[in-house]
Amino acid sequence: MSLTAEAILQFMNDELGIDTTGLGPDSPLFSSGVIDSFSLVTLLSHIEQTCGFQIGPSDVNLDNFDSLARIIAYVTRMTGPDA
Amino acid sequence: MNADTYEGIVVLGVPRSGTTLLRRLLNAHPRIACPPETNLLSAAGRFLEEHRFAGGLSVGVVPGLDFSGFDEQRVLQRFREFLFSFWREIADREGKARWAEKTAVDVFHLDAIERLCGAHCRYVCIVRHPLDVVCSLKELGDKMECHLPEIYEYVRRRPAQFEAFAEAWRDGNERLLRFCEQHPDWTVRLRYEDLTRDPEQELARVFDFLGEPTDVPALLARALGKTESVGLGDWKTYDARSVGTDSVGRHEALSKWTVQRLAPIVNPLMTRLGYAPVGARASDAADEKRREELSRRIASMKLAAAKGNDDAR
């Protein structure tokens, strides 16, 4: 299943109660405190369930999950561009 | 059903279950006047609220007036006449024999409505798939930039909006179902999905129950075709020119995660209302274990983030 930056923002807004106003594709999410540890667990679970793969232990890092662009890039690598 | 044995009709359903559509359809009946939301019954519910204190003491209008010699039946009778007088006048004005009342939040005041209206009315009860209702309540809240007071009570207790809406759906429909089961002679129940799929059949069933059979195809042709007093209610139904299933299944846009969280809230009642349960978690234990694993990884990531912030200073 595809996952877009818009869908992630919607999830953050609706399910995690995060104010996503002004967040751009490269805005830091975790390192800036926009998203906290608890919410990130929920977001990663959502990504796994929506995209149908399991995030590898060494993949849980800032390079893959600290911005919308990085998340989308990671998901695309894991599922292929047409998934 | 003998049409002479009751006076008015009350539409009941959790908000966003199709009550406004039903109102427009009832209002197209040549003998039934169903005006835009009057809020009379929900206000009556608040008027009759009582608060219990220690020792079984109750404070409210009915126990208060009882001290001055007005017993409960007398109070209710006088209040009923006051309320009914508005609807009688509306029906008179339209040259119709019977009135119907629909206000979306009435289902949350059903105890008071039962006391006040009881056998004087018949009740058309509509239910809708819970996930479609929660999507629609979310849309309504966004559009209004606030929640209906009765819904806000749930949102206040549950920061996760969809879960709050699901609880409102569950509580409203549990009460509605109990009312239907206790009063089968007063109530007719229908599902929004059936009404939109086959309005002719469903409306014929409703009007037969009400003792007001009519030419349903003709009613449908005129129901949504005319400009009418809008009032408050579903803004979308006022744009509709025919009864359709466009709003059925809108919950398919919800994430699997959300559906899994709502499932325990809505599933027990769904089967009783004739809906297939929605996807519950395949394995709660496995899911919790996975979340723990992710938490540990995220803790490591947090350390890396803190180190990066320190280095940056």
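Above this text sits the structure in question.
The structure reproduced in this document is the subject of the present report.

Our next topic: the overall build of chain A. The helix and strand tally for chain A stands at four helices and zero strands. Listing every helix and strand of chain A by position from the N terminus yields α-α-α-α. For 83 residues, the compact-globule estimate of 2.2 N^0.38 gives 12 Å, and chain A sits close to it at 12 Å. For chain A, the spread of C-alpha atoms along the three principal axes comes to 30 × 25 × 20 Å. Once local pairs closer than 6 in sequence are excluded, the contacts in chain A between residues at least 24 apart make up 52%.

Following the criterion strictly, the structure yields 25 salt bridges over all chains and no others. Among the ionic pairs, Arg31(B) bridges to Glu212(B), the shortest N-O distance being 2.6 Å. Linking Arg31(B) in the loop between helix H1 (19-27) and strand S2 (32-33) with Glu212(B) in the loop between helix H10 (199-209) and helix H11 (216-223), this pair joins segments that are 181 residues apart in sequence. On the basis of relative accessible area, Arg31(B) is assigned to the partly exposed category, the value being 37%. Among the salt bridges present, the one from Glu114(B) reaches Arg175(B), with a minimum N-O distance of 2.8 Å. Here Glu114(B) is found in helix H5 (residues 110-117), whereas its partner Arg175(B) is found in helix H8 (residues 161-182), with 61 residues between them in sequence. Within this structure, Glu48(A), Lys289(B), Arg290(B) and Glu293(B) form a network of salt bridges that share partners.

In this section: the packing of aromatic side chains. Residue and element names in this part refer to chain B. Counted under the stated rule, the structure contains 12 aromatic pairs over all chains. Centre to centre, the rings of phenylalanine 47 and phenylalanine 79 are 4.5 Å apart; their planes meet at 40°, and the pair counts as tilted. Here phenylalanine 47, found in helix H2 (residues 40-47), pairs with phenylalanine 79, found in helix H4 (residues 72-93); they are 32 residues apart in sequence, far enough to count as distant. Taking the centre distance of 6.4 Å and the plane angle of 15° together, the rings of phenylalanine 79 and phenylalanine 82 count as stacked. Here phenylalanine 82 and phenylalanine 79 lie together in helix H4, a separation of three residues that amounts to about one turn. Given a relative accessible area of 46%, phenylalanine 82 falls into the partly exposed group. Every member of this aromatic cluster is reached through a ring pair, and the members are Phe47, Phe79, Phe82 and Phe86. The positively charged end of arginine 98 is found above the aromatic ring belonging to tyrosine 6, 3.9 Å away from the centroid. Sitting above the plane of the tyrosine 275 ring, arginine 191 keeps its charged end 4.6 Å from the centroid.

What follows covers the side chain of Ser17(B). All names here are of chain B. With respect to the secondary-structure elements, serine 17 resides in the loop between strand S1 (8-12) and H1. A relative accessible area of 0% places serine 17 in the buried class. At 2.7 Å, the side chain of serine 17 and the backbone oxygen of valine 14 are in polar contact. Residues contacting serine 17, with those up to four places away along its chain left out, are Ile126, Arg128, Val133 and Tyr192.

Residues and elements named next belong to chain B. Overall, parallel pairing links the five strands, which are arranged S2-S5-S1-S6-S7 in an open sheet. Only two strands of the sheet have a single partner each, and these edge strands are S2 and strand S7 (187-191). Relative to strand S5 (residues 98-102), S2 runs parallel, the two being bridged by two bridges. Within S5, the position partnered with alanine 33 by the bridge is tryptophan 99. Those strands touched by H10 are S2, strand S6 (121-127) and S7, and its axis lies near 170° from that of S7.

The subject of this paragraph is the nonpolar core. Among the nonpolar cores identified, the biggest contains 58 residues, and Leu12(B), Leu83(B), Trp87(B), Leu116(B), Cys117(B) and Tyr123(B) are the most heavily contacted of them. Per element, the largest residue contribution to this core is 10 residues, and it comes from H8(B). Beyond its immediate stretch of four places on either side in the chain, Cys117(B) contacts Leu41(B), Phe84(B) and Tyr123(B). Residues Leu3(A), Phe30(A), Leu68(A) and Trp257(B) belong to the second largest nonpolar core, which totals 30 residues.

Residues and elements named next belong to chain A. Here helix H4 (residues 68-79) contains 12 residues, and its C-alpha end-to-end distance of 16 Å stays within 8% of the 16 Å for a straight helix at 1.5 Å per residue. Those residues of H4 that sit buried are Leu68, Ile71, Tyr74 and Val75. Taken around the axis of H4, the buried residues stretch over an arc of 130°, which confines them to a single face. Those residues of H4 that are buried are in contact with helix H1 (5-14), helix H2 (37-51) and helix H3 (62-65). Downstream of H4 by one or two residues, glycine 80 has phi in the positive range, about 95°.

Thresholds applied
- Residues numbered from 1 in each chain as written.
- Chains lettered and ligands numbered in written order.
- Predicted model: local features only at pLDDT ≥ 70, side-chain atom pairs only at ≥ 80, totals over all residues.
- Heavy atoms only, no water.
- Helix = DSSP H or I, 4+ residues; strand = E, 2+ residues; numbered from the N terminus.
- Rg over C-alpha atoms; globule rule 2.2 N^0.38 Å.
- Contact = heavy atoms within 4.5 Å.
- Salt bridge = Lys/Arg side-chain N within 4 Å of Asp/Glu carboxyl O.
- Buried < 20%, exposed > 50% of the residue type's maximum accessible area, 1.4 Å probe, protein only.
- Phe/Tyr/Trp six-rings, centres within 6.5 Å; stacked < 30°, edge-to-face > 60°.
- Lys NZ or Arg CZ within 6 Å of the ring centre and 35° of its normal.
- Polar contact = N/O pair within 3.5 Å; in protein donor to acceptor, adjacent residues only side chain to side chain.
- Pairing = 2+ DSSP bridges.
- Axes fitted to C-alpha atoms, helices over the stretch in contact; angles between N-to-C directions.
- Core = buried A, V, L, I, M, F, W, Y, C linked by side-chain atoms within 4.5 Å.
- Expected span 1.5 Å × (residues − 1).
- Arc of directions from axis to C-beta.

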